[in-house]
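Report on the structure
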Amino acid sequence: MRSSAPLRSGFRARARLERAVSAWARSRQGEDQAPLTLQSRRIYVLPTRTGLVAAALLFVMVLAGLNYQNNLALLLSFLLCGVALVSMYECHRTLSGLQISSAQVEATFAHTQGELLLAFQNTTDTAR
């Protein structure tokens, strides 16, 4: 029979980390009150698994271009990297300044898909 002490300590460590990150975010951003305006401090563009795979692929392309001294491969790699960085910037810029007017969530159960409905308002003249 195995001991579940390492398993429980892993859960405790994760819970402590989540509490620390939550406290850090609250101290940085302040309390949330409706309606909430998204400012640049509240927007985080985080990579998905697909984004991490794309970044790894770009890194391999740069290494291959450097190894074989292929300028076209390097050009393509840096061009794709630039497109990715500009896309992240535009995503951040599009969300910055929007106002969340309402948020609704339906009851869900374990191992089922949850749905969060957000209503945004554009209070600026910027087209989004």
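Every chain is numbered independently, its residues counted from 1 as its sequence is written. Only residues with pLDDT of 70 or above have their local features reported here, since the model is predicted, and side-chain atom pairs are shown and tallied only from 80 upward, although totals for entire chains, interfaces and linings are computed over all residues. To obtain the side-chain values, all non-hydrogen atoms of the structure were used and water was disregarded.

**Thoughts on the pairing of strand E2 (residues 98–105)**
- Here a strand pair is declared whenever DSSP counts at least two bridges between the two strands. Numbering of helices and strands runs from the N terminus, with a helix taken as a DSSP run of H or I at least four residues long and a strand as a DSSP run of E at least two residues long. Where strand E1 (residues 36–37) and E2 come together, two bridges link them in antiparallel fashion. For leucine 36, the partnering residue across the bridge sits in E2 and is isoleucine 100.
- The sheet contact formed by E2 and strand E3 (residues 116–122) spans seven bridges and is antiparallel. Its bridge partner being in E3, serine 102 is matched across the sheet by alanine 119.

**Side note on the pattern of salt bridges**
- We define a salt bridge as a contact between a side-chain nitrogen of Lys or Arg and a carboxyl oxygen of Asp or Glu at a distance within 4 Å. A full pass over the atoms with the stated rule returns two salt bridges.
- Linking glutamate 18 and arginine 14 is a salt bridge whose minimum nitrogen-to-oxygen distance equals 3.2 Å. Remark: arginine 14 and glutamate 18 occur in helix H1 (residues 5–29); sequence separation between them is four residues, near one turn of the helix.
- By relative accessible area, which is 55% here, arginine 14 ends up exposed.
- With its nearest N and O atoms 3.3 Å apart, the salt bridge here joins arginine 93 to glutamate 90. Of this pair, arginine 93 and glutamate 90 both sit in helix H3 (residues 71–95), separated by three residues, roughly a single helical turn.
- Relative accessibility decides the category of a residue: with a 1.4 Å probe and only protein chains considered, values under 20% of the type maximum give buried, values over 50% give exposed, and everything between is partly exposed. By relative accessible area, arginine 93 is classed as partly exposed at 42%.

Everything listed is a geometric property; what it means functionally is a separate question.
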